[in-house]
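# Summary of the model geometry
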Amino acid sequence: MAALFGDMVAARRMAQEAFIGFARGGGKALYLSMGTAGLAWLDTLEGGMPDEASVGAFLSIAEVPGLIAGAMPGLAVIDPANRPCAEGGWAHARALGMALYEADVILAEAGGRALLVCDSGGRRRR
C-alpha cells in the first residue's frame, strides 16, 4: 500500500492517473470513492473507461475489504482512505486500521497493491 498525503487535488489526480494507466495497460483496476460525488471526474475522462477498470462507492471504510475481495484487482485506489466517520476517535482509528489491514491481506494474496488517497486533516482550503 502507498499513501498519498498533502494536497488532496494533487493526490487524487495522481491516483486517478495511476488507475487509468494501470487499466489501459491491461491490469484490472478498481477505484473506490467515499460516496458517488468523488467519481465526478469520470465524466471528463478522455478516451472512455478502459475495459479492465471498474469503480465503486462506499459509505464506511468497513465496506472496502468486501468490495476489493469481490473485484480482486491488481490495483485498488481508496479515495479517501482516512476520512473520519460518525464514531470518531479510537473507534474510528481501530475500524480504519482493521479495514485497511484486511484489504491489504486480500490484495497481497491476489498479487495486487493499493493507493490510499489520504486527507491530511488540519489543513483546510479557503
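If you're wondering where the values come from, they're calculated on a predicted model, not measured in any experiment. (Residues numbered from 1 in each chain as written. Predicted model: local features only at pLDDT ≥ 70, side-chain atom pairs only at ≥ 80, totals over all residues. Heavy atoms only, no water.)

On to unusual backbone geometry, then. Following Asp-79, the chain continues into Pro-80 via a peptide bond in cis, with omega recorded as -15°. Along the chain, Pro-80 falls in the loop between strand S4 (75-79) and helix H3 (89-110). Phi is positive for Met-72, which is not a glycine, with a value near 45°. Mapped onto the secondary structure, Met-72 falls in the loop between helix H2 (64-71) and S4. On the basis of relative accessible area, Met-72 is assigned to the partly exposed category, the value being 38%. (Helix = DSSP H or I, 4+ residues; strand = E, 2+ residues; numbered from the N terminus. Buried < 20%, exposed > 50% of the residue type's maximum accessible area, 1.4 Å probe, protein only.)

Let us look at the nonpolar core. Membership of the largest hydrophobic core comes to 19 residues, with the highest contact counts inside it found for Ile-61, Val-64, Ile-68, Ile-78 and Leu-116. At the level of elements, strand S2 (29-34), H2, S4, H3 and strand S5 (113-117) are the ones that each hand at least two residues to this core. Setting aside residues up to four positions removed in sequence, Ile-68 forms contacts with Leu-30, Leu-32, Pro-73, Ala-76, Ile-78, Ala-103, Ile-106 and Leu-107. In this structure, Ala-11, Ile-20, Leu-45 and Val-117 belong to the second largest nonpolar core, which totals 17 residues. (Core = buried A, V, L, I, M, F, W, Y, C linked by side-chain atoms within 4.5 Å. Contact = heavy atoms within 4.5 Å.)

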